Amino acid sequence: MQQNQPCPILLQMKNISKSFGATRALDNVDFELKKGEVHALLGENGAGKSTLVKILSGALKQDEGSMLLENFRYFPSSPLEGKKKGVSMIYQELNLAPHLTVEENIMLGKELHSWGFVQRKEMKRRVRDALELIHHPEISLDIPVRKLSIGAKQVVEIARALMEKATILVMDEPTSSLSQEDSDLLFQIIKRLKAQGVSIIYISHFLEEVQKVADSFTVLRDGKEICSGNMEDTSLEELIQHMVGQKVKEMFPQVEHTTGEVLLSLDKLMGNKMQAEVELNLHCGEILGLAGLIGAGRTELLRTIFALDSVEQGSIKVAYVGFSKGTPWQRIKQGMGFLSEDRQREGLALSRSLTDNLTLSNFSPYCRFGFLGLKKRNEAAQDWIQKMKIKARSPEQRVFSLSGGNQQKVALARLLHQRADILLLDEPTRGIDVVSKSQIYEWMGQLASRGKAILFVSSYFPELLGICDRIAVFHRGQIIDIRHSSEWNVESLMVAATTGKAL
Amino acid sequence: MKRKKRLQGLIGWLAPFFGLILVLAIFSSIPEIQDRFLRIANFKSVATQSVIVALGALGMTLIIISGGIDLSAASNLALSSVIVAYAISAGFHPVMALFCGIVTGGLIGFVNGSLITSLRLVPFIVTLGMLGIARGIAKWIAGNQKIDAPLTWVNELMARNPRPSWLLMAPGVWLMIFLAIALAVVLRYTVFGRHVFAVGSNEAAARLCGIRTNRTKIIIYSISGLFCGLSGAMQFSRLTVGDPTVAIGLELDIIAAVVIGGGSLSGGEGSILGSMIGVFIMAFLRNGSTMMGWPNYIQEIIIGAIIVVAVSLDQIRHRRER
């Protein structure tokens, strides 16, 4: 960009396709990376960005297509081989050994030694050089990595990649968990790396940030490459237009419901995992959507409300009764129900039966002197299976053998069975089929019409617009704006979520 | 500021000793046993008694740092001691007999490591299986009874009053000290030592950095097996017979020593010095309690409590660090 002579092309990915089962994650994608450029890879959640870089790093193998690295055929069999060829990845979840020191982590797997004994002095010198190269000599080499801040950990990872003589550095959402200050430091490092001829593939949802650091971009949507070009010649609005595209209109069953009094109100609520205070009112019979990017703090808010994380400041009021501390057990007694975004690990007991899962949070109807009425419990489960149209052979069937959509219905049915009045739903439609989705939308409407209050977290804007009464947008832990759904559209939601500024 | 840091460093280095010093201080302040407890002869005998558990704990330290566990250590020890006795009674040269015993231990460790890595089973399950298998083989070889072996110099390895007398302590004690230092050096100053910590701290990251984690684990379990074999040889030396039912439950003492010494069962943490201190805390407690005439069950209760207290103190210290 700075110089006018054309930069040589470092990496070419051609006609890359990859399917997982029936879903086509990548469809004939082309991708080119020049030497010494920062190339942004953009797209909505699930557009195929991660799959593409995983193929590049060697963690996944493409079904079709080929790659050329410095004009040689490149077909890494593992991330390790990718690294040896100069492709290093900095993952969202950092890959450091927490107990080892900074120096030990950076030199891990490439220790200098004579007769098996480590040459500590020489290694320290090299590590110090590497840290100085990215202008972070202040990081002490001898402290265990677990004591560093997230930002410093990232610096360590970058130093390690440099040590491996990386020519391509892939950064997947590097700033999502960084403070503004740490992000700025990262941008400076990126500039220096660029000057040293390292090419960087930069994945991020924060568009303004991308515009600051990237030279060029490629947009993916639904596994297809939509367009690529120079960052300078493209406006934010154009980028968003490319990412969102012309969506096919989806069917959102509408159920009449009216909102009543305030049921849940959050007063300057701050939890130990939250980034900022949140104020919010949720009414009876209301579906309130929480929009935002992954990591914007919505999940943390729900977990704090449900007492899975601890409240540090402020209070939660249910029907005007305020409280702050508590346990999930108490919250259930207060009429709350929580649906985790991690269905597999938190939402369900996968190896147990449908009946067990459905009734886990409320045994009381079948409980006598501490004994369970198994028959009655099974009948109730059978009832829910029919009501919720769950496709299962019997209530005894174990949950892991159900499809994703049916599993989610079981998880939802549990909240209904426990008669929750306030439903905290975290990504209830993620990864499930269209039919189940539309059924879930319909229930949400019905629940609202019966006066229940729903807090609905989703990263998929059209569904929020389709069924919510109001939508609040989160950006870096803060609520940017709350409006009626009719006053939002996909573009304005995207702008608010990615830039933190409401149009 | 700098001075404060240095002081903190010193305290950090001394912290593992506090438990041991406390135990020693308590028993030496009780007038009834004071003079008997503080005698050099008593220290020598405690040291000799500790050799068997200590050798096992050295190998176990490696395993626990790497995030594993070895429940078969005591069975392995018994099997090795039976092999040594069997070989000597069959007329082998004592050196050859010792060699056979130690190699048997190493082999069991190698099998443990290979099964853990190739079948991708958790170490708890594999070594729980091996606990039964090794004990069974030991009983089989010994014909379900003790093997008597003629007295040789092997039996002097654990003698409280060694010959020549300038040795001061049993050769087994010297061996234990030497091996502890050697293993501490390996852990601290070699590439292999770093990899042991890396595998225990974050196995995925270690693999990604090009460490052959499976190979590292097999080596760790093999080394630990060799230590168990050596420990078994010492057990034979002390008993002068090969007893397949010896050391039942001793694996838990070994694990306890490592854990008291700061080893974390989730891996990445532990030290040779710590484990050795753990061994001696338990040994002096037993010694002192016996002198006091406290029954066995009191000792068991105290040691049980110490495990819980030591580990929780360790955790509090870690939480403060953060």
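Model, not experiment: these values are computed from the prediction.

Now for the side chain of Lys83(A). Its location among the elements puts Lys83(A) in helix α2 (residues 79-84). Leave out the neighbours within four places in its chain, and Lys83(A) touches Ser88(A), Glu164(A), Leu208(B) and Cys209(B).

What follows deals with the packing of helix α7 (residues 171-189) of chain B against helix α10 (residues 213-239) of chain B. Residue and element names in this part refer to chain B. Following both chains from N to C, one finds α7 and α10 inclined at 170 degrees, their axes separated by 12 Å at the closest point. Looking at the two axes, α7 sits roughly antiparallel to α10. Seen from α7, the contacting residues are Gly 172, Leu 175, Leu 179 and Leu 183; seen from α10, they are Phe 227, Leu 230 and Met 234. The residue makeup of the contact of α7 with α10, split by class, is 6 nonpolar, 1 polar and no charged.

Take the sheet that holds strand β22 (residues 453-457) of chain A next. Adjacent strands of a sheet pair through backbone hydrogen bonds, lying either parallel or antiparallel. Residues and elements named next belong to chain A. Strand order in this open sheet of 6 strands is β18-β21-β22-β15-β23-β24, and the pairing throughout is mixed. Two strands close off the open sheet at either side, each with one partner strand: β18 (336-339) and β24 (478-484). Going across the sheet, the axis of each strand differs from the next one's by a mean of 15 degrees, ignoring polarity. In the sheet, β18 pairs with strand β21 (residues 422-426) via 4 bridges, with the strands oriented parallel. Residue pairing in the sheet places Gly 337 in a bridge with Leu 423 of β21. Contacts between helix α14 (residues 404-417) and the sheet are confined to β18 and β21, with β18 contributing the most and set at about 170 degrees to the helix.

So, on to the domain arrangement of chain A. How big an interface is tends to be stated in terms of the accessible area lost upon association of its parts. The domain architecture assigned to chain A consists of domain 1 (9-244), domain 2 (254-335 + 420-503) and domain 3 (351-419). Between the C-alpha centres of domain 1 of chain A and domain 3 of chain A the distance comes to 44 Å.

It is worth spelling out the pattern of salt bridges at this point. Side chains that differ in charge, positive against negative, can pair when their charged atoms come close. Residues and elements named next belong to chain A. Using the criterion set out here, one finds 27 salt bridges over all chains in the structure. As a salt-bridge pair, Arg 298 and Glu 427 come within 4.0 Å of each other at their nearest N and O atoms. Here Arg 298 is found in helix α9 (residues 298-305), whereas its partner Glu 427 is found in the loop between β21 and α15 (434-449), with 129 residues between them in sequence. On the basis of relative accessible area, Arg 298 is assigned to the buried category, the value being 4%. Taking the shortest distance from any N to any O, the salt bridge between Arg 483 and Asp 481 comes out at 2.8 Å. Salt bridges sharing common partners tie together Glu 122, Arg 125, Arg 126 and Asp 129.

The next subject is the interface of chain A and chain B. Between chain A and chain B, the residue contacts involve 25 residues of the former and 25 residues of the latter. Carbon and sulfur atoms make up 59% of the area that chain A and chain B hide from each other, which totals about 2100 Å². When the buried area of chain A at its contact with chain B is split by residue, His99(A), Leu108(A) and Arg146(A) rank highest and sum to 25% of it. Across the contact surface, chain A and chain B share 2 salt bridges. Notably, a salt bridge pairs Arg194(B) with Glu104(A), separated by 3.9 Å at the nearest N-O pair. Between chain A and chain B we count 8 residue pairs in polar contact (both at pLDDT 80 or more) in total.

All names here are of chain A. Reading across the sheet, the 6 strands line up as β6-β9-β10-β3-β11-β12 and stay open at both edges, with mixed pairing between neighbours. If you trace the sheet from one side to the other, it starts and ends with β6 (87-90) and β12 (224-230), each paired once. The average angle at which neighbouring strand axes cross in this sheet is 20 degrees, direction not considered. Here strand β3 (residues 38-42) pairs with strand β10 (residues 199-203) via 4 bridges, running parallel. Bridge assignment links His 39 to a residue of β10, and that residue is Ile 201. Most of the contacts of helix α6 (residues 180-195) go to β10, to which it runs at about 150 degrees, and overall it touches β3, β9 (168-172) and β10.

Let us now look at the nonpolar core. Of all hydrophobic cores here, the largest spans 99 residues; its most connected members are Leu42(A), Ile158(A), Leu169(A), Leu193(A), Ile200(A) and Tyr202(A). In terms of residue count, helix α5 (residues 150-163) of chain A provides more of this core than any other element does, 8 residues in total. In this structure Leu42(A) touches Lys49(A), Ser204(A), Leu207(A), Val210(A), Phe217(A), Thr218(A), Val219(A), Leu220(A), Leu239(A) and Met243(A), once residues within four positions along its chain are discounted. One finds Met60(B), Ile63(B), Val82(B) and Ala256(B) within the second-largest nonpolar core, a separate group that totals 95 residues.

What counts and what doesn't
Residues numbered from 1 in each chain as written. Chains lettered and ligands numbered in written order. Predicted model: local features only at pLDDT ≥ 70, side-chain atom pairs only at ≥ 80, totals over all residues. Heavy atoms only, no water. Helix = DSSP H or I, 4+ residues; strand = E, 2+ residues; numbered from the N terminus. Contact = heavy atoms within 4.5 Å. Axes fitted to C-alpha atoms, helices over the stretch in contact; angles between N-to-C directions. Parallel < 35°, antiparallel > 145°, perpendicular 65-115°, else oblique. Nonpolar A, V, L, I, M, F, W, Y, C, P; charged D, E, K, R; others polar. Pairing = 2+ DSSP bridges. Domains from an automatic or database assignment. Salt bridge = Lys/Arg side-chain N within 4 Å of Asp/Glu carboxyl O. Buried < 20%, exposed > 50% of the residue type's maximum accessible area, 1.4 Å probe, protein only. Buried area = accessible area lost by both parts, 1.4 Å probe. Polar contact = N/O pair within 3.5 Å; in protein donor to acceptor, adjacent residues only side chain to side chain. Core = buried A, V, L, I, M, F, W, Y, C linked by side-chain atoms within 4.5 Å.

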